[in-house]
Amino acid sequence: MTDSTAVPDKGTDDQGILTGVEQLSPEKIERIINEVLSSETGAKLKVYVDTCVSCGLCSEGCHFYLSRDKDPKFSPAAKVKQTMWEIMRKKGKVSPEFIKKAAVVAYTQCNLCKRCAMYCPFGLDIAYVLSVMRRICHRLGVVPLYIQDTAHSHSVTGNQMWVKDDEWVDTLMWQEEEARDEVPNLRIPLDVEGADTFYSVIGPEPKFRAQLIYQAAMIMTAAGEDWTMPSTPGWDNSDMCMFTGDYEMMERLKKMHFEAATRLKAKRIVMGECGHAFRSVYDMGNRALGWKMPPIPIVHAIEYYHELFSQDKIKIKKKFDRPVTLHDPCNIVRGRGLHEMARSVVNSTCKTFIEMTPNREHNYCCGAGGGVINCGPPFKNARVESTKIKAEQLFAAKAKGAEVVIAPCHNCHGGLEDVIHHYGVDMELKFLGDIIYEIMEIPE
Amino acid sequence: MYDIYAIITGPLAWLSFAVFLGGSLYRFISLYQLARKKDGAVFQYMNLAYALRSIAHWLTPFGARNMRLNPVMTVVTFSFHIALFIAPLFVFAHVVLLEESFGIHWITLSDRVADILSMVVVFSCIFFFARRIMRPEVKYLTTWVDIVILIIVAAPFATGVWVFHQWAGFPTMTLVHILSGELMLAIIPFTKLFHMFLFPFTRGYIGSEFGGVRMAKDW
C-alpha cells in the first residue's frame, strides 16, 4: 500500500548533492541526524509527525501536487513521508542514497510557502518539518551546488551575490548619477546617522537589477523621505543560508543587517520588494537571534508604498492604464498579511485591477520561493513543470483581460518569468515600484 | 462465558480506563516537558484569542476553504466525529451500566437514534477505508497501521449495532463489543488517535502564528 504510481525517479545530477553524498557513511548520517534531532528539535516536530493521520487533505494545498497531475509523491505529507517520517522511524539509520533523495525533495520540491498549513485540518506546519530535513542535509554537507554557492557568498562577503564592498558603493553612486539626469539634486544618502528610514535591498539588486535602486531613490526623493543606505556590509537583507539550513550563517547575516541599521541609529528598516528577505528579517532570522519580533520596526515595500499613498506623500500624473492582476507572494501575505495593503496600492496606481483566483492567503506559489530557484539549472525543468497550476491561474486572469502581472517579490519575479515564458502566457511582469515610478510626478 | 464476561467487564475494563487515562497523562506531561525544554518559542507565540479563532473556524463545517473543496469528506468527517462521541456516551445501555455500577446517570439517546449514530460511525469507517485504498494521494500515505486503527475504531460500533438488534450469536458479540471498545480506548494514547487531544494545540499554535505574527487567516 506504500507504492505509488509516481513518475520514475531519474535521479539528480546536481554536483553539490552528489559530491556531498559520496562523503557520507551510515555512521556519520546517524550521528548528525541524532545531533540535530536531540539538540535542535523537540515536542513541535514530534507532535507534527505523530499527529498526522495521513488523510491526504493537505494535497489540495500544494502547487507541486496540483501541477504534477496530482502525483501522490508531491503531496505535502508525501514529502514528509519521503524524508522526516522515515528518519524518525529509523532513528537516523538511513542510507546515503536515502539522504540524496531526501535532499532533492526537501530543497527542490517544496517552496516552504506554508500554504499546506492552511489546508491541513490540524494546521501542521509541514514547511517547518522540511526545514528540519534541510537543516540535516546542511549539516551532512549535502546541499544543491548553486544555492550553496550563494550561501558561500553570504559567508565571505555578507551578501548573496559576491558583490565586493567597493562595488556596492560604486553601484549606488552610479545609480545616483544616472538619476541626477532626471532630478539634478537627487541623492542616495550613504551612512546618514539618525535617518528615519534605513533602506535595504537584496544582493541581486545591485548585481542585476540596479534600476530598482534608481527607482527607489526616485520614490524616496519624491516622498521627501529622510532616508539612508549603508556603505558597509549589512546592506543586503537577503538570506539563502536560511533556506540551505545554515542557521549559524543566517544569524550572522541578520545580525549584520540589524546592526548596520542600529549603528546608523535609524528609526526603521524599509526594505525593497522581496519576500524571502522579509521572512528572514521578520520571521526566522530574528527568532534565531532571540528576538520575538524584529528589534527594529521592519517595513516591507508594500507597506511603505501604502503609507505614501494613504498619506498623500506622492503625486501621480495619471493612473497606469493597462489592466493588471496581482500575485500575492507567500512570505508577505501568508507571512505578514500585506494583501489588502497591496490591493490598496494597486487601486491607487492602476486603472483596472483584475483578481486572479485563488488569491490572498490562498494564492498559488510562483514555484521559485524557498530557495528552489536558487538551486539553479539542474532543477529548472522540474521546477517549471511544477508550476502548471500557476500558468493556468495566470491564463484565467489573462482571459478576464489582465495584461500585466504585478509581483511584489524578487523570487516571484524569477519564478513567474519562467512560468510566463515556458507556458507562453505572454503577460508582462512588473514590480509595484516599476508602476509607481512610471506614473509618479518626478520631483523638481 | 460468564467468567470471560466477568473478566472483561471487571479487571480489563479498569485496565483499559487506566491505560487510556494514564497513557494520555503521560504523553501530555512528557510532551509538555519536552516543549518547555526545547520549544520555548511556542509558548511565546501561543495566543489564546487567535488559537480559539482558528479552532472555531476548523470546528465549523465548511468553515475552511479545504472543507468546501472536499464536501463529501467534510460531511462524513463531521458526522463521524460527532457520532463517535455521542453514541457511546449517551446510549441507554451504557448509562444503565453506569447507574448500576456507580449510581450515576445522565440523559440518554433513544435507541433508534443511537442505532443510527453507530451506523454512521461504521459507514464512515468504510468510507475512510475506501478513500484510503482508492484515492492515490491517500493510498500513498497509508500504512497497515492506519487500516488496523480503522478496524479497531469501527469494531465497537459494528458489534454494538449487532448486539442491539440481537442478530445471530449476539451474546458472543457482546464480549467482542466490550473488548474492542476497551482496546480502542487503550490504544488512544499510543497511536494517531491521540490527535483528539493534540488537535487544539496544533491548530491553536498555527492559528496563533497566523493571527499574531503573520496577520493572515489560516482557514
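Along each chain, numbering runs from 1 in the same order as the chain's sequence is written. Here chains are named by letter from A upward and ligands by number from 1 upward, in the order in which they appear as written. At least 70 in pLDDT is required for a residue's local features to be given in this predicted model, at least 80 for side-chain atom pairs to be given and counted, and no such filter applies to totals for whole chains, interfaces and linings, which use all residues. Side-chain descriptors were evaluated using all non-hydrogen atoms of the structure, hydrogens and water having been removed beforehand.

Colleague: Even after reading the chapter, I still don't get helix α17 (residues 339-349) of chain A, so can you show me in this structure?
Modeller: In an α-helix, one full turn covers 3.6 residues, which means residues spaced three or four apart are oriented alike. Residue and element names in this part refer to chain A. For every residue, the accessible area (1.4 Å probe, protein chains only) is compared with the maximum for its type, and the residue is labelled buried under 20%, exposed over 50%, or partly exposed between those bounds. Each helix corresponds to a stretch of at least 4 residues labelled H or I by DSSP, and each strand to a stretch of at least 2 residues labelled E; elements are numbered beginning at the N terminus. Burial in α17 covers these residues: His339, Ala342, Arg343, Val345, Val346 and Thr349. Summarising the axial view, the buried residues of α17 lie within an arc of 160 degrees, below the 170-degree limit, and thus occupy one face. Contacts from the buried residues of α17 go to α15 (301-310), β5 (324-326), α16 (330-333), β6 (404-406) and α21 (432-439). The arc in question is the one traced by the directions running from the helix axis out to the C-beta atoms. Residue contacts are counted whenever heavy atoms from the two residues lie within 4.5 Å of one another.

Colleague: I would appreciate a short explanation of empty space enclosed by the protein in the present structure.
Modeller: To locate leftover empty space, one rolls a probe as large as a water molecule over the atoms. All names here are of chain A. Only protein atoms enter the 1 Å grid used here, on which a cavity is any set of points holding a 1.4 Å probe that cannot leave and a pocket is any open set flanked by protein within 12 Å on both sides along at least five of seven lines; residues with an atom within 4 Å of a point are listed as lining. Grid points are joined across faces, edges and corners, and a volume is the space filled by probe spheres set on the points. Per the stated rule, a full pass over the model turns up ten cavities of 30 Å³ or more. For the largest cavity, the calculated volume is near 160 Å³. Together, 19 residues line the largest cavity, and Cys52, Ala77, Cys120, Leu124 and Ile126 are the ones closest to its centre. Elements represented by at least two residues in the lining of the largest cavity include exactly α3 (43-51), α5 (76-89) and α7 (126-140). Top contributing element to the lining of the largest cavity by residue count: α5, with three residues.

Colleague: Could you clarify how one ought to interpret the pairing of strand β3 (residues 268-271) of chain A in this entry?
Modeller: Each regular strand shows side chains that alternate between the opposite faces of the sheet. All names here are of chain A. Judged by which residues are buried, β3 turns out to be covered on both faces: Arg268 and Val270 on one side and Ile269 and Met271 on the other are all buried. DSSP calls a pair of strands paired once it identifies at least 2 bridges connecting them. Two elements, strand β1 (residues 197-200) and β3, share four bridges in a ladder whose sense is parallel. Pairing of serine 200 across the sheet is with methionine 271, part of β3. In terms of strand pairing, β3 meets strand β4 (residues 298-300) through three bridges, oriented parallel. For isoleucine 269, the partnering residue across the bridge sits in β4 and is isoleucine 298. By definition, the crossover connecting two strands over a helix is right-handed if that path, from the first strand to the second, turns clockwise as seen with the strands pointing away from the viewer. Each parallel crossover has a hand, and for β3 linked through helix α14 (residues 276-288) to β4 it is right-handed.

Colleague: Which parts of the structure should I look at to understand a nonpolar patch on the surface?
Modeller: All names here are of chain B. A patch is a set of surface residues, each over 30% in relative accessible area and not in a salt bridge, joined within 9 Å for like charges and within 5 Å for the nonpolar side chains Val, Leu, Ile, Met, Phe, Trp and Tyr. Using a 1.4 Å probe, the Shrake-Rupley method yields the accessible areas, and only the shown protein chains count as cover for residues. For this document, the term salt bridge refers to a Lys or Arg side-chain nitrogen within 4 Å of an Asp or Glu carboxyl oxygen. Together, Trp14, Ile82, Phe85, Ile86, Leu89, Phe102, Ile104, Trp106, Ile107 and Met196 line one region of the surface with nonpolar side chains, adding up to about 1,000 Å² of accessible area. Element by element, the count of residues in the nonpolar patch is highest for helix α6 (residues 71-90), at four residues. Owing to a relative accessible area of 64%, isoleucine 107 belongs among the exposed residues under this scheme.

Colleague: Looking at this structure, I do not really get the state of the cysteines. What am I missing?
Modeller: A covalent bond bridging the sulfur atoms of two cysteines is what the word disulfide describes. Residues and elements named next belong to chain A. Pairs of cysteine sulfur atoms within 2.5 Å are what we label disulfides. All chains considered together, the criterion is met by zero disulfides over all chains. Just so you know, cysteine 52 is unpaired, no disulfide at all, and the nearest cysteine sulfur is the one on cysteine 58, 6.5 Å from it. Accessibility expressed as a relative area gives 13% for cysteine 52, which makes it buried. Not part of a disulfide, cysteine 120 finds its nearest cysteine sulfur in cysteine 55, a span of 6.4 Å.

Colleague: Even after reading the chapter, I still don't get the sheet that holds β5 of chain A, so can you show me in this structure?
Modeller: Whenever strands of a sheet pair, they do so through backbone hydrogen bonds, lying parallel or antiparallel. Residues and elements named next belong to chain A. An order of β5-β6-β7 is seen for the three strands of this open sheet, with the pairing classed as parallel. The sheet is open, and its two borders are formed by β5 and β7 (428-430), each paired with just one other strand. Adjacent strand axes in the sheet meet at a mean angle of 30 degrees, parallel and antiparallel pairs treated alike. Note that β5 and β6 share three bridges and pair parallel. Bridged to valine 324 within β6 is valine 404. To define axes, lines are fitted to C-alpha atoms, for helices over the stretch in contact only, and angles between the resulting N-to-C directions are given on a 0 to 180 degree scale.

Colleague: Explain the nonpolar core to me, please; I cannot follow it from the model alone.
Modeller: It is characteristic of soluble globular proteins that their nonpolar side chains tend to be buried jointly. Residue and element names in this part refer to chain A. Counting residues in each nonpolar core, the largest one holds 165 residues, and the members touching the most others are Met84, Ile99, Met133, Tyr304 and Tyr305. Sort the elements by how many residues they give to this core and α7 lands first, with ten residues. In contact with tyrosine 304, not counting residues within four places along its chain, are Ile219, Met220, Ala223, Glu225, Arg268, Val270 and Val299. Definition used in this section: a nonpolar core is a set of buried Ala, Val, Leu, Ile, Met, Phe, Trp, Tyr and Cys residues joined via side-chain atoms within 4.5 Å. Among the nonpolar cores identified, the runner-up in size contains 21 residues, and Met356, Cys366, Leu394 and Ala397 belong to it.

Colleague: How should I be thinking about the packing of aromatic side chains in this particular structure?
Modeller: Here the distance between the centres and the angle between the planes together describe a pair of aromatic rings. Stacked, tilted and edge-to-face are the three classes applied to pairs of Phe, Tyr and Trp rings, where Trp contributes its six-membered ring and a pair requires centres within 6.5 Å; stacked means planes under 30 degrees apart, edge-to-face means over 60, and tilted covers the rest. In total, this model carries 18 aromatic pairs over all chains according to the counting rule given. Where tyrosine 214 of chain A meets tyrosine 437 of chain A, the ring centres are 5.8 Å apart and the plane angle is 85 degrees; that geometry is what we call edge-to-face. Highlighted residues: tyrosine 214 of chain A in helix α11 (residues 210-222) and tyrosine 437 of chain A in helix α21, separated in sequence by 223 residues. By the ring-pair criterion, three or more aromatic residues cluster together here, those being Phe20, Phe28, Phe194, Phe197 and Phe201 of chain B. Geometrically, a lysine NZ or arginine CZ counts as sitting over a ring once it is within 6 Å of the ring centre and also within 35 degrees of the ring normal. When the ring centre of tyrosine 45 of chain B is taken as reference, the NZ or CZ atom of arginine 287 of chain A above it lies at 3.9 Å.

Colleague: Quick question: what am I supposed to make of the interface of chain A and chain B here?
Modeller: In many reports, interface size means the accessible area that the parts give up when they come together. The interface is formed by 57 residues belonging to chain A together with 45 residues belonging to chain B. The buried area of a pairing is the accessible area, by a 1.4 Å probe, that goes missing from both parts when the two are put together, added over both. Across the interface of chain A and chain B, roughly 4,500 Å² is buried in total on both sides, 58% from carbon and sulfur atoms. In this structure, arginine 27 of chain B and aspartate 50 of chain A form a salt bridge, with 3.3 Å as the shortest nitrogen-oxygen distance. Counting residues per element, the ones that place at least two in the side of chain A that touches chain B are α2 (26-40), α3, α5 and α14 of chain A. Each residue receives one of three labels: charged for Asp, Glu, Lys and Arg, nonpolar for Ala, Val, Leu, Ile, Met, Phe, Trp, Tyr, Cys and Pro, and polar for the others, Gly being one of them. Residue classes in the side of chain A that touches chain B are distributed as 25 nonpolar, 16 polar and 16 charged.

Colleague: Mind showing me how you'd approach the side chain of arginine 343 of chain A here?
Modeller: Residue and element names in this part refer to chain A. Within the secondary structure, arginine 343 is located in helix α17. Polar contact is the term for a pair of N or O atoms within 3.5 Å; when the atoms are in protein, one must be able to donate a hydrogen and the other to accept it, and sequence-neighboring residues count only if both atoms are side-chain atoms. In terms of polar contacts, arginine 343 uses its side chain to reach the backbone carbonyl oxygen of histidine 339, at 3.1 Å. Those residues in contact with arginine 343 that sit more than four places away from it in its chain are Leu326, Asp328, Phe353, Glu355, Asn359 and Arg360.

Colleague: Any chance you could explain the confidence of the model for chain A here in plain terms?
Modeller: The predicted structure's coordinates, where accompanied by low pLDDT, should not be read in detail. Taken residue by residue, chain A gives an average pLDDT of 96. The fraction at 70 or more is 98%. Counting interchain partners and residues more than four positions distant, the pLDDT-below-50 stretch residues 1-8 of chain A has 17 contacts. For every residue, the predictor reports its confidence as pLDDT, a number between 0 and 100.

Colleague: Explanation requested: a negative patch on the surface in the structure shown.
Modeller: Residues scored as positive are Lys and Arg, those scored as negative are Asp and Glu, and His as well as the terminal groups of each chain are ignored. A single reference atom marks each charge: NZ on Lys, CZ on Arg, CG on Asp, CD on Glu. On the surface, a cluster of negative charge is made up of Asp165, Asp166, Glu167 and Asp170 of chain A. Its place among the elements puts glutamate 167 of chain A in helix α9 (residues 165-182).

Colleague: Could you clarify how one ought to interpret α9 of chain A in this entry?
Modeller: Residues and elements named next belong to chain A. End to end, α9 covers 27 Å across 18 residues, agreeing with the expected 26 Å (1.5 Å per residue, within 8%). Among all positions in α9, only Trp168, Thr171, Leu172, Gln175, Glu176 and Ala179 are buried. Across the axial projection of α9, the buried residues extend over an arc of 135 degrees, all falling on one side. Opposite the buried face of α9, at more than 90 degrees from it, the exposed residues are Asp166, Asp170, Glu177 and Asp181. Buried residues in α9 make contact with α10 (204-208) and α11. A helix is expected to span 1.5 Å multiplied by its residue count minus one.

Colleague: Would you mind showing me how to read the pattern of salt bridges here?
Modeller: Where side chains of opposite charge bring their charged atoms close, a pairing between them can arise. Residue and element names in this part refer to chain A. One pass over the structure, following the stated rule, counts 38 salt bridges over all chains. Arginine 139 serves as the salt-bridge partner of glutamate 35, at 2.5 Å between the closest nitrogen and oxygen. Taken together, the residues glutamate 35 in helix α2 and arginine 139 in helix α7 connect sequence positions 104 residues apart. Of the residues examined, glutamate 35 reaches a relative accessible area of 30% and is grouped as partly exposed.

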